[in-house]
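Survey of secondary and tertiary structure
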Amino acid sequence: MDLGTIEDVVIPDDRSGLPPGRPDTAVIAGGTWLLSEKQDHLRTLVDITALRWVPLVEHDDGLDIAATCTIEQLSRSASDREWPATVLFGQCAAALLASFKIWKVATVGGNICLALPAGAMTSLATALDGVARVWSADGNDYEIPVVDLVTGPHVNALRPGDVVRSIFLPAHALGARTAFRKLALSPLGRSASVVIGRVDSDGRFVVSVTASTVRPYVLTFPEPPSRAELDSALTEKIPDSAWYDDPHGAPDWRRHISMGSARDILEELA
């Protein structure tokens, strides 16, 4: 879609070229959502693709995913390291239910910052203890867990002018055994629930709940809990008001299928 209100497109090739944040300014990388509907409040776009960040950088302690890394680059990446949880890259990408054309353009950072409940990269990052590194408008950097970055539907914790530089996934999470469950009203429908579990090498059990809730929720146990303990923790951690309500699923149904998925994952991993 043409954005008829845009007056200027800024294309910085280094950090100093990023303009101050304003309500009428938006950062664009892939732009698959931004260009899909009217944005009458916008006057300026800041295209960060010219910063030419390396999509994926492996370290001994984990993986850095550039915010501009595309869904395709992530889903088709390979590593020689013992990181079995990378199987989630393809599983979460498929949960996005987008065409190959979208995969080639849509970015990891954009999907997370958009803060949609069904954001598949939010599901991935929160399941693997992802931490966002942010370029602040004041010239400093700060880090924030992705589970805290996404605060509600279309709402995130970024301040005006902040730009997500990368998402870091730690090696302890990448080395974990994982299980994945995605459910929807129809085989090709938008995700109504995405639940991901993992067991770390030290026995810690982690389960993340996304798509069915207004924001991501992550529960951590020192060891796999009993089914009753898991049910109790989910009920206590996720309030009734947090279950998402839209045409893709009613809150009580989303709660039911998410709880069921968590129990299945516990059985599979424990």
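Everything that follows concerns the structure shown earlier in this document.
Bear in mind that the values here come from a model prediction, so they are computed numbers and not experimental data.

1. A short note on the packing of helix 2 (residues 87-95) against helix 5 (residues 120-127)
In the contact formed by helix 2 and helix 5, the axes pass within 8 Å of each other and the chain directions differ by 150°. Here helix 2 lies roughly antiparallel to helix 5, going by the angle between them. Helix-helix and strand crossings are classified by hand; for helix 2 and helix 5 the assignment is right-handed. Contact residues: helix 2 offers Leu88, Phe89, Cys92, Ala93 and Ala95, while helix 5 offers Ala120, Met121, Ser123 and Leu124. Along the lines of polarity and charge, the residues of the contact of helix 2 with helix 5 split into eight nonpolar, one polar and no charged.

2. Some details on the environment of Val57
With respect to the secondary-structure elements, Val57 resides in strand 4 (residues 56-59). Its relative accessible area of 32% is what places Val57 among the partly exposed residues. Linking Val57 and Phe168, residues 111 residues apart in sequence, is a C-alpha distance of 9.5 Å. With sequence-adjacent residues up to four places away left out, Val57 is seen in contact with Gly62, Leu63 and Asp64.

3. Here's the deal with the environment of Gly119
Within the secondary structure, Gly119 sits in the loop between helix 4 (108-114) and helix 5. Accessibility expressed as a relative area gives 3% for Gly119, which makes it buried.

4. Digging into the nonpolar core
Membership of the largest hydrophobic core comes to 48 residues, with the highest contact counts inside it found for Ile112, Met121, Leu128 and Ile167. Not counting the four nearest positions on each side in its chain, Met121 is found in contact with Ile71, Leu74, Cys92, Ala93, Val108, Asn111 and Ile112. One finds Val195, Leu234, Ile238 and Trp243 within the second-largest nonpolar core, a separate group that totals 20 residues.

5. Structural notes on unusual backbone geometry
For Arg52, which is not a glycine, the phi torsion comes out positive at approximately 55°. If you trace the backbone, Arg52 turns up in the loop between strand 3 (44-47) and strand 4. Of note, the phi angle at Ala211 is positive, near 70°, even though the residue is not glycine. As for its placement among the helices and strands, Ala211 is situated in the loop between strand 13 (205-210) and strand 14 (217-221). Residue classification places Ala211 among the buried residues on the basis of a relative accessible area of 1%.

Rules and cut-offs
Residues numbered from 1 in each chain as written. Predicted model: local features only at pLDDT ≥ 70, side-chain atom pairs only at ≥ 80, totals over all residues. Heavy atoms only, no water. Axes fitted to C-alpha atoms, helices over the stretch in contact; angles between N-to-C directions. Helix = DSSP H or I, 4+ residues; strand = E, 2+ residues; numbered from the N terminus. Parallel < 35°, antiparallel > 145°, perpendicular 65-115°, else oblique. Left-handed = near helix turned anticlockwise from the far one by under 90°. Contact = heavy atoms within 4.5 Å. Nonpolar A, V, L, I, M, F, W, Y, C, P; charged D, E, K, R; others polar. Buried < 20%, exposed > 50% of the residue type's maximum accessible area, 1.4 Å probe, protein only. Core = buried A, V, L, I, M, F, W, Y, C linked by side-chain atoms within 4.5 Å.

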